[in-house]
Structures are given as C-alpha cells and as structure tokens.
Amino acid sequence: NSFVTRTNTCGELRAAHVGQKVTLYGWVQYQRQGLFLVLRDFQGLTQVIIPQDEAHSHVKELLSNAPLESVVRVTGTVSPRPLGQENPKMPTGDIEVKAETAEILNSCKKLPFEIKDFIKKSEALRMQYRYLDLRSSRLQSALRLRSRVVMRMREYLCNLHGFVDVETPTLFKRTPGGAKEFLVPSREAGKFYSLPQSPQQFKQLLMVGGLDRYFQVARCYRDEGSRPDRQPEFTQIDIEMSFVDQAGIQRLIEGLLQHSWPEERGSIMTPFPSMTYEEALAEYGTDKPDTRFGMKIVDISDVLRGSNIHFVQNALSYPRGSIRAICIPQGVRYLTNKDLGSLKESAKSQFNQEIMEIICRPDGSLKSLLTKFLGEKEQSELIQALNMQEGDVVLLAAGEHKQVCSALGALRLLSANLLEAAGLALRDPTAFHFLWVVDFPLFLPKAENPTELESAHHPFTAPHPSDAGLLYSDPTKVRSQHYDLVLNGNEVGGGSIRIHSAEQQRYVLEKVLKEDSEVLSHLIEALEFGAPPHGGIALGLDRLISLIVDAPSIRDVIAFPKSFRGRDLMGNAPDYVTPEELEPYHIQVSWPLEEKEAKKN
C-alpha cells in the first residue's frame, strides 16, 4: 500500500483488523439487493456491507446502483461477520467492511462477458477485450508468478553469479538458416533490417568483447505464420558464458531453476537426468520425451527375425530397418475399436506407416493377424519383451528406424491422451520431469533436397570434440555440442557450445551449408581477434511459465498475445498504411486483384 491512498488491499483484511477504519479501492464483482457487495482488486475479495440507515442514504444509492466492474472507493470499519455467516473459502471470510462513505471513480458500461474464471468465452473475444480478461484471477496469478520467477532468475544470475544484464539491438540484419525473420524497411532504397529471432550473434560478440557472463530477458521474433501455440514475438531467458563446457551450462541452469522455482509448485531435484538424441528417438520416438509415464518403444527385431512374415523380413532387409512396438496398458478396457482405428489412421496419414495391433487375451494368449505366423516360443518371447499383461494392446510397426520410432512416439502420446480421457490416470499433472537431451546430429538433410545439408539447430554450434575430424570427411555423422532441456515432453530450452574458430566457422558456412559467409563477415572477423571458447543457452520463458501454472496455452501467460494467425485482435494489428507513409521507404504495395476490387467498393 506504499505510495497510494488506500489503507489496505481487498485481500488482506483479517479478524485482527476488526475495529479499524479502512479505505479500499477496487472493482464491484457482485452486488446483492442493495444489502452488500463484493469488492475485488489484484489481491482478493472483501465483502462490503451497504448501510441501510437514512443518514447514509446517499451511500446506499451509490453502491446499490453501481454497475458490476465499476471502480469504487469505500471507507468504513472492519467488523466480524455474524456468527454462522463466515466464509472459509475466502481469506477475508471472517470479516466484512461496513461502508460509511463511498465514491464511484469510474462507472462500467455493459460488459462483453462476465469477469469470472468459470464463465466460458471464446478466445477471440477474450483477446479482443484483453484488458478485461486480465482482471481474471487466473491471468492475474499467472502474470504475477511470471514476474516473481524472472526476478528470482535475475537475482541468481546477476547477484549470485556475476552475470551482466545487457540489452541487445532489435534492428539488425538477416541471419542465414533458422526460422524466417520479420523485415523492417529502412529509408535506404532496397535495404531492410531484420528483427532477430534471437540475440545469438550479439551474445557471442559480447564474449569476444570480454564480458565473460551475459544475461538478458530477451524479446525475440519469428515469422512462422499460423502455427498452433506459437507467438511471432516471444521471450527468452538468454545466457552466454566464456570458458565453459556443456556440463557447466547444465549445472548453471539446474541451479537457476531450483533457485527461481515457485515454492507452491513443490521442489525440483537436481541434477536432471540426461539421454542422448539417439536414445530419446529409440525409446520415445521424439527428441523431447515426456518421461512422466512408461509405454516406451521396444525393439523386437530379434524376436521376429526368425519368422517368415513377409513385411518383417522386408523391413529388416534395409540397412536401418527395425521392428518396434509400444504396449498400451489396459488398452482393451479403455480403448474402443474406433480409437484403435484413429491411431492407425494417424500413423498412416502423418508418417506413411502401417500399424499392426496385438491384443493379450484374459487367458494370456495373443490375438492378432500375426499369431498364425508365430510359434509358441516366439509368442512367449514377444510377451516377455513387451512385458504384456492381460488386457494390454500392442501397436507394432516395421520399416526404416527413424520413421518407425517417430510414428510410435506420436502414437504413444495419442494413446496416453485417449487413456486419460477414458479415466485412466497416467501422467501426474503436478509432476515436473526435467530431462537433458544431448548429442544431437550437427547437420540434417534438407527436407526439400536431401542431398544438401542444413544446421540441425543453427550454424554457430560446435561439433562434438570426438567428431571434429568427421566435419571435413563425413559431416552427416558429426554429433553437435547442442543440448536441449525438456520438461514433461516440451522443449523449454536449448543451447550449445559455439564455434570460436573463424576458420571452422567459415568452413561450416561455405563448404557444408553452402551459405554466403559474407552475411556473417562481422562475426567471422570478430572470431579472428582472440575469441574465447564460449557457450550458452536460451530458456523459453513463455513455455516454461505455462507449464508451471498448467495453462492450456502460452497465450495464457502473456499479457498481450497475438492470435493463432499472428494478429492483435484488440488493436487490430497488423494494419494498412497509406502510400504517403510508405513513400520514404521506397515501397509500393502490389495488391492481389480481389483486394483491389474490395478496396474500390
């Protein structure tokens, strides 16, 4: 209550305050028949008794007629609630304030929706009236928790470990590779700035500049179009250090998260477990495994290798061919035939992967199209390999290793959703399972042209020390010094040890990636002036906070988010500008024909 004219907030009055005269400010949340109202502010609710005597008739008239969500000031005396009328669900439920004077500071017009968490409203409407949606306790709580976490992170990094908080430019130039960047026109004809997708180059240059330890709550921009649960502008906890290795970065982040973790969410144990990219793909079918539940992918190639099943032998004839399966616990009970059909269709449509099911009957025998091709010994080995129990359903896939694992990894998550929807508790919503994923490939074949390579993450990542020689002979086999931090199946951070040799950086750009190194000449030149070994990481703050508060979307932990299509529905951005405003930037808009006609009309 410092610096303001209220004496208390609406959430802090207790029985100890009885008899005190208080002044409260807030919004009218509820009013009942001119007898009392509930006043709300950021901290909570207080019941205010409307006076009924003639001497305070003007106060009664004022408060009785105040529309909901009007802003009012109330001065009165704290009293105990009558016996039996206490409300244990409210922190202020033992008291009430008997109003003596009141003032309507601002009346509220008819609302587009009620300011209550349990009232359902479309997300588009919530975003159009975001300033009203921000009054909800859910959003208030999320934004305040976010603020506390960031403050604790600053404390840990700057006060305890000597990091320097540096702001880096928002207007820069295009970075080769990675996500598409937003362009910003300049007054020089044909020249454009780019909004950085991360402060990557700047933080490396700060290490060249001898800053040693850098940190920033960084705004980042990616022009990724309509992607679910992504934002064109987002926030990273951005970190870079000199003279550090992968283990040092991991220890730093584990300590950072432990220090800043909200007490009400329990404690997190460190060190976090770690697995390689290949292990994650083989066991979970993804590079961001949700380790809160089992149903791991099992390699059953050796069990079926001796069978004469055509599609099995065909799959195993390929260099990277394998037979793998997941076992869905109690699948017979919880999954319908329609569910199983949708799982198979999903694997077919997304991964072009055929799936075969095996059901374990109550007597322990197997029901499947495969069983007539398998002897008793093979069936027994299959049951043992998959640890099948009666009522379990197995989904089996055969083919190229990565495709098979990716398809089964997606089915593992879809199956978990179906099981939980049917009533089987599988993933603890209060559990937080962190995991480091390491040893990613440094390069991947381009989707549009598999003979060419692109960076698996970005072109500044250093090769694994054991694979440095392969960079020049067989770059497809080089592992990187990249590491991802995964929480409950979501990537919440990623970083790497960087290339600090100008020669190696130029080779990666020109010879491996076939990129024009001239775009990065400033960085390459900087590496020639005694650049220290360095590395870093960026944590996705929006994603991390949304997981901590169990929000359905990252939009629920951002004060003013963009819509699914990247639009600001409240301010109607992006918007048109006039030809006169574009003229200094030497830009003319080429309108599609249908839009030309629409503008004419």
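Calculation criteria
Residues numbered from 1 in each chain as written. Predicted model: local features only at pLDDT ≥ 70, side-chain atom pairs only at ≥ 80, totals over all residues. Heavy atoms only, no water. Helix = DSSP H or I, 4+ residues; strand = E, 2+ residues; numbered from the N terminus. Buried < 20%, exposed > 50% of the residue type's maximum accessible area, 1.4 Å probe, protein only. Contact = heavy atoms within 4.5 Å. Areas by Shrake-Rupley, 256 points an atom, 1.4 Å probe, with all protein chains shown as cover. Lys, Arg positive; Asp, Glu negative; His and termini not counted. Charge placed at Lys NZ, Arg CZ, Asp CG, Glu CD. Pairing = 2+ DSSP bridges. Polar contact = N/O pair within 3.5 Å; in protein donor to acceptor, adjacent residues only side chain to side chain. Arc of directions from axis to C-beta. Domains from an automatic or database assignment. Axes fitted to C-alpha atoms, helices over the stretch in contact; angles between N-to-C directions. Left-handed = near helix turned anticlockwise from the far one by under 90°. Nonpolar A, V, L, I, M, F, W, Y, C, P; charged D, E, K, R; others polar. Salt bridge = Lys/Arg side-chain N within 4 Å of Asp/Glu carboxyl O. Core = buried A, V, L, I, M, F, W, Y, C linked by side-chain atoms within 4.5 Å. Phe/Tyr/Trp six-rings, centres within 6.5 Å; stacked < 30°, edge-to-face > 60°. Parallel < 35°, antiparallel > 145°, perpendicular 65-115°, else oblique.

Looking now at the overall build of the chain. Along the backbone of the chain there are 19 helices and 22 strands. Dimensions of the chain along its principal axes, counting C-alpha atoms only, are 95 × 75 × 65 Å. Evaluated residue by residue, the chain yields a buried proportion of 47% over its 601 residues. Contacts in the chain between residues at least 24 apart in sequence constitute 67% of all its contacts with a sequence separation of at least 6. Counting only carbon and sulfur atoms, one obtains 52% of the accessible surface of the chain, whose full area is about 30,800 Å². With 69 positive and 77 negative side-chain charges, the chain shows a spacing of 4 Å between the two charge centroids.

The next subject is the pairing of strand E17 (residues 434–438). On a regular strand, one side chain projects to one face of the sheet and the next to the other, so that they alternate. Counting buried residues along E17, five of its five residues qualify, which places the element largely inside the surrounding structure. With burial as the criterion, each face of E17 is covered, one bearing Phe434, Trp436 and Val438 and the other bearing Leu435 and Val437. Across three bridges, the pairing between strand E11 (residues 274–276) and E17 is parallel. When the sheet's bridge partners are listed, threonine 276 is paired in E17 with valine 438. Relative to strand E20 (residues 482–487), E17 is paired through five bridges, and the arrangement is antiparallel. Bridge assignment links valine 437 to a residue of E20, and that residue is aspartate 484.

Another point: the side chain of lysine 203. Position of lysine 203 relative to the elements: it lies in helix H5 (residues 200–208). A distance of 3.5 Å separates a polar atom in the side chain of lysine 203 from the backbone oxygen of isoleucine 239. Not counting residues up to four positions away in its chain, the partners in contact with lysine 203 are Tyr214, Asp238, Ile239, Glu240, Arg498 and Ile537.

Listed as buried for helix H12 (residues 376–386) are Glu378, Gln379, Leu382 and Leu386. One side of H12 carries all its buried residues, which in axial view fall inside an arc of 100 degrees. Residues of H12 that are exposed and angled more than 90 degrees away from the buried face: Glu376, Lys377 and Gln384. Each element contacted by the buried residues of H12 is listed here: strand E12 (298–299), helix H8 (301–304), strand E13 (321–328), strand E14 (356–360), strand E15 (366–367) and strand E16 (393–400).

This paragraph deals with the domain arrangement of the chain. Taken domain by domain, the chain holds domain 1 (15–106), domain 2 (139–275 + 433–556) and domain 3 (293–422). Placing a centre on the C-alpha atoms of domain 2 and another on those of domain 3 gives a separation of 37 Å.

With that out of the way, let us pick up the packing of helix H11 (residues 337–351) against helix H13 (residues 401–421). Two elements in contact, H11 and H13, have axes separated by 10 Å at closest approach and are oriented at 145 degrees. Judged by the sense of rotation from one axis to the other, the crossing of H11 with H13 is right-handed. Between H11, through Asp339, Leu343, Ser346, Ala347 and Phe351, and H13, the contact on the second element is made entirely by Gln403, Ser406, Ala407, Ala410, Leu411, Leu414, Ser415 and Leu418. Across the contact of H11 with H13, the residue classes tally to eight nonpolar, four polar and one charged.

This part is about the pattern of salt bridges. For the structure on display, the rule yields 35 salt bridges. For arginine 555, the salt bridge goes to glutamate 123, with nearest N and O atoms at 2.9 Å. Within this pair, whereas arginine 555 is found in the loop between helix H17 (541–548) and helix H18 (579–582), its partner glutamate 123 is found in helix H2 (residues 123–128), the two being separated by 432 residues in sequence. When its relative accessible area of 10% is taken as the criterion, arginine 555 is described as buried. Measuring nitrogen to oxygen at the nearest pair gives 2.5 Å for the salt bridge that ties glutamate 233 to lysine 562. Here glutamate 233 is found in strand E10 (residues 233–242), whereas its partner lysine 562 is found in the loop between H17 and H18, with 329 residues between them in sequence. Judged by relative accessible area, which is 15%, lysine 562 ranks as buried. Bridged by salt links that share partners, the residues Arg126, Arg130, Asp133, Arg138 and Asp556 form one connected network.

When a protein is soluble and globular, its nonpolar side chains tend to lie buried together. Ranked by size, the top nonpolar core spans 40 residues in total, and within it Ile239, Ile253, Leu257, Leu485 and Leu539 carry the most contacts. Among the elements of the structure, helix H4 (137–161), E10, helix H6 (246–260), E17, E20, strand E21 (490–497), strand E22 (534–540) and H17 are those that each provide at least two residues to this core. With seven residues, H4 is the single largest residue contributor to this core. Setting aside its immediate chain neighbours within four residues, leucine 539 contacts Met153, Thr235, Gln236, Ile237, Ile253, Leu256, Leu257, Leu485, Val492 and Gly493.

Let us now look at the packing of aromatic side chains. Within the structure shown, the criterion is met by ten aromatic pairs. Ring geometry for phenylalanine 172 versus phenylalanine 202: centroids 4.4 Å apart, planes at 55 degrees, classification tilted. Residue phenylalanine 172 is located in the loop between strand E6 (164–165) and strand E7 (183–185), and its partner phenylalanine 202 is located in helix H5; the two are separated by 30 residues in the primary sequence. No difference in accessibility class separates phenylalanine 172 from phenylalanine 202, as the two residues are buried. With a centroid separation of 5.3 Å and an interplanar angle of 40 degrees, the aromatic rings of tyrosine 277 and phenylalanine 440 are classed as tilted. One end of the pair, tyrosine 277, is in helix H7 (residues 277–284); the other, phenylalanine 440, is in the loop between E17 and strand E18 (443–445), and 163 residues separate them in sequence. Both residues of the pair, tyrosine 277 and phenylalanine 440, count as buried.

Close contact between H4 and H6 brings their axes to 8 Å; oriented N to C, the two are set at 130 degrees. Compared by their axis directions, H4 and H6 come out oblique. The hand of the H4/H6 crossing is right-handed. Contacts between H4 and H6 involve Val149, Arg152, Met153, Glu155, Tyr156, Leu157 and Leu160 from the first element and Leu252, Gly255, Leu256, Leu257, His259 and Ser260 from the second.

Sheet analysis places E6 next to strand E9 (residues 213–221), joined by two bridges and oriented parallel. Among the inter-strand pairings, valine 164 is bridged to a residue of E9, identified as tyrosine 214.

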